[in-house]
Number of protein chains: 2
Amino acid sequence: MESSIPIHLECPRTRQKRVPDDYEPPYPSFVARFRPGVTQVAMAYFGVQYQGAETEGARRALADIAQAFAAGQAPGHWDRARYVDEAGYTNVISIAYWDRPAVFDAWFGAQGASWASGARKYQGCGTFTEVVRPAVERYETLFSANDRAEGVAVLADSMSGMVQEHAYWGGARDRIPASQTSDMAPSGAPRVVTEGLHRRVVPHENICLIRSGQDWGDTPPEERRMYLEEVEPILRQGMEFLRDQGVSIGCFANRYMRVVDAQGGDTEKSFGMSWWKSLAALERWAESHPTHVAIFGAAMKYLSTLGPAAKLKLYHEVTVAAADEQYFEYFNCHPQTGMLRVPSSPA
Amino acid sequence: MESSIPIHLECPRTRQKRVPDDYEPPYPSFVARFRPGVTQVAMAYFGVQYQGAETEGARRALADIAQAFAAGQAPGHWDRARYVDEAGYTNVISIAYWDRPAVFDAWFGAQGASWASGARKYQGCGTFTEVVRPAVERYETLFSANDRAEGVAVLADSMSGMVQEHAYWGGARDRIPASQTSDMAPSGAPRVVTEGLHRRVVPHENICLIRSGQDWGDTPPEERRMYLEEVEPILRQGMEFLRDQGVSIGCFANRYMRVVDAQGGDTEKSFGMSWWKSLAALERWAESHPTHVAIFGAAMKYLSTLGPAAKLKLYHEVTVAAADEQYFEYFNCHPQTGMLRVPSSPA
């Protein structure tokens, strides 16, 4: 068993992890291992938003961003997902990952910056850009199986062996290297600045982003039925609670998304992604809100029924980003889009 | 809102509590406040064990211990509870609390020491003594309502106002004053020493004792039905898991008991009491074992359905005792009784 914090990011602690050194988790989990040369990554969400059937503008936007990802300074990995939001708009988000911030910066300057600035016009749709560029001390990953990377982990060198810091509340915090010396408390509050159709968000310190996904592509029929009938509906309820009422508990926005393939068709993968005031707010929801307690209970029943035979794959990535590691920009989007739900600055 | 750690027990921290300073629990809870002069308490469990109908010896033993509690150096509070154990024996335990260790010592020397030493003989039953005498830094209490004390809290001066450190996993640890500077890790392992019918347990450092109770006496009919039909059976399953399989996860013994009245009749109060290798082992079961996740889910559903109108009262007390604060003695008890389930010393 190994620590989820890689040796080269270990430092003298001023804060303790939550479990004793002899803690042994009841089942295996794994984390992505990045080569020591990786000091910062970029996680960039490029959204298209439209009402009703896909517009010509949306189609063009999706083609453009895919083409941009194939240009110089390309991301190491990207995928695409879709959902219908609380206002009834379809949102398609292309999510790209880089492991060298200078390369991301060059790409963004050449290809990404115009996406939601208003410089590039797409008729009949809105566009938005949500980026975090965390130092490697500021994020963690977790996988139920070590044979399929998702998200930022696709850029990693390898998967770890079994790690110690999981299967208890507070495990995500303990896996983030910065937790060795920092409480990662938020300060300030995000504010929206609007100029016509264009909106930016002035970030606050230590926003938290989670992408938490499931892949039922390998499940045999009976396991698939259990997942789709006994777990997914409860997961969906929790995701809808966060989407509709999350602000009251520090969740600025939540999207429960289906990953789509190159032709835009549904795959058998989904994930929730949400923006939180702080890691602490996410922790509180996860460990004690009735909606997540229900999800956890359903998942636990499922996994304890199936045991190691379970073919469902689970993963997540959690980031706590400094204010200067965040970038939010929205063009022609409805006012409930993503981080736009935070209060506006006085005009 | 106030801290559950009283001001006179606050000290410079080397360890952090798990929630930020601005954390606000989602519902109120309260702790017992002892006057600053109380530096140590005694929690003493005097058990009688018999098979089948109550024996004459058991009847006499129960009368004797009640009489002893009424003598000089009397406990500040005591109550009595009963259950049938995994071996089919009825166990009746008289539980007494003192808030001055010198008074307890005097009482114990005069009245208590002979209970399970073999010096006093009760035909047709076994007797056992399980005592912890924790410094006030080493235990915590928690109450869902501030109008009815139970257990050690009956000795307290008063109930606190609403406290901050609850409604999250790790709250019990954060309420124990010693957690400010200690991980309260266990060291060593308890061992049983047997001489004929008489057995003692050589303690280890930082055993954990929890007494966690419920009182449905005030519930109106529909709430009572919900508790008895939807919560209690799930609680019972968890208690039986700990009783029968707890050793595998660090629970040495668990008793799910019904409080009885002076005539030995059932009251509408019950509690689980269990001995754990460590507070960490208790934490892990509570927060992630399927049996407690089920209990937590059922309780959460119940309480969120009823809201503040709920009349069910919940409380617990959790102690982490040093080796020299423990005393275990068994006479003529079957080998699965309480702490006797830990391994024996070589003869």
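Relevant structure appears above.
Residues numbered from 1 in each chain as written. Chains lettered and ligands numbered in written order. Predicted model: local features only at pLDDT ≥ 70, side-chain atom pairs only at ≥ 80, totals over all residues.

Novice: Please clarify how the interface of chain A and chain B should be interpreted in this entry.
Specialist: How large an interface is tends to be reported as the accessible area lost when its parts come together. Across the contact, 22 residues belong to chain A and 22 residues belong to chain B. Of all the secondary-structure elements, those providing two or more residues to the side of chain A that touches chain B are α5 (279-288) and α6 (290-306) of chain A. (Contact = placed C-beta atoms within 7 Å. Helix = DSSP H or I, 4+ residues; strand = E, 2+ residues; numbered from the N terminus.)

Novice: Would you mind showing me how to read the relation of the copies chain A and chain B here?
Specialist: Relating one copy of the chain to the other requires a rotation about an axis plus a shift along that axis. Of the transformation placing chain A onto chain B, the axial shift is 0.0 Å and the rotation is 180°, giving an RMSD of 0.0 Å. In the structure described here, the two chain copies are related by an operation that fits a two-fold rotation axis. Take the interface residues of chain A: 100% of them recur as interface residues in chain B, which is what a same-surface contact looks like. (Least-squares fit on C-alpha atoms with pLDDT ≥ 70 in both.)

Novice: Just checking my understanding: could you explain the packing of helix α4 (residues 221-245) of chain A against α6(A) for this structure?
Specialist: Residue and element names in this part refer to chain A. Running from N to C, α4 and α6 point in directions that differ by 165°, and their axes come no closer than 8 Å. Of the possible angle classes, the one that applies to α4 and α6 is roughly antiparallel. Seen along the crossing, α4 lies across α6 with a hand that is left-handed. Mapping the contact onto sequence places Glu223, Met226, Tyr227, Glu230, Val231, Ile234, Leu235, Gln237, Gly238 and Phe241 in α4 and Thr291, His292, Ala294, Ile295, Ala298, Ala299, Tyr302 and Leu306 in α6. Tallied by class, residues from the contact of α4 with α6 come to 12 nonpolar, four polar and two charged. (Axes fitted to C-alpha atoms, helices over the stretch in contact; angles between N-to-C directions. Parallel < 35°, antiparallel > 145°, perpendicular 65-115°, else oblique. Left-handed = near helix turned anticlockwise from the far one by under 90°. Nonpolar A, V, L, I, M, F, W, Y, C, P; charged D, E, K, R; others polar.)

Novice: What's the story with the sheet that holds strand β8 (residues 191-195) of chain A in this structure? I'm lost.
Specialist: For sheets, the rule is that strands pair by backbone hydrogen bonds, running either parallel or antiparallel. Residues and elements named next belong to chain A. Sheet architecture is open: 12 strands sit in the order β6-β13-β10-β12-β11-β3-β4-β2-β5-β14-β9-β8, paired in antiparallel fashion. Edge strands, defined here as strands with exactly one partner in the open sheet, are β6 (139-143) and β8. Across the sheet, the axes of successive neighbouring strands diverge by a mean angle of 20°, strand direction being ignored. Relative to strand β5 (residues 126-132), strand β2 (residues 42-51) runs antiparallel, the two sharing seven bridges. Its bridge partner lying in β5, Gln49 is registered against Gly126. Set on the sheet, helix α1 (residues 56-69) makes contact with β2, β3 (77-84), β4 (89-98) and β5; between it and β2 the angle comes to about 165°. Across the sheet, α4 is in contact with β11 (251-260) and β12 (266-276); its angle to β11 comes to roughly 135°. (Pairing = 2+ DSSP bridges.)

Novice: What is the right way to read α6(A) from this model?
Specialist: Counting along an α-helix, one turn takes 3.6 residues, and residues three or four places apart therefore face a common direction. Here α6(A) contains 17 residues, and its C-alpha end-to-end distance of 24 Å stays within 8% of the 24 Å for a straight helix at 1.5 Å per residue. Taken together, the buried positions of α6(A) are A:Thr291, A:Val293, A:Ile295, A:Phe296 and A:Ala298. Buried residues along α6(A) sit against α4 and α5 of chain A together with α6 (290-306) of chain B. Looking one or two places after α6(A), you find A:Gly307, whose phi comes out positive at around 65°. (Expected span 1.5 Å × (residues − 1). Buried ≥ 20, exposed ≤ 12 C-beta atoms within 10 Å, placed from the backbone.)

Novice: Which parts of the structure should I look at to understand the sheet that holds strand β12 (residues 266-276) of chain B?
Specialist: Residue and element names in this part refer to chain B. Here 12 strands make up an open sheet; going across it, the order is β6-β13-β10-β12-β11-β3-β4-β2-β5-β14-β9-β8 and the pairing antiparallel. With one partner strand each, in any of the chains shown, β6 (139-143) and β8 (191-195) form the two edges of the open sheet. With strand direction ignored, the average angle separating the axes of adjacent strands in the sheet is 20°. As paired strands, strand β10 (residues 207-215) and strand β13 (residues 313-321) are joined by nine bridges and run antiparallel to one another.

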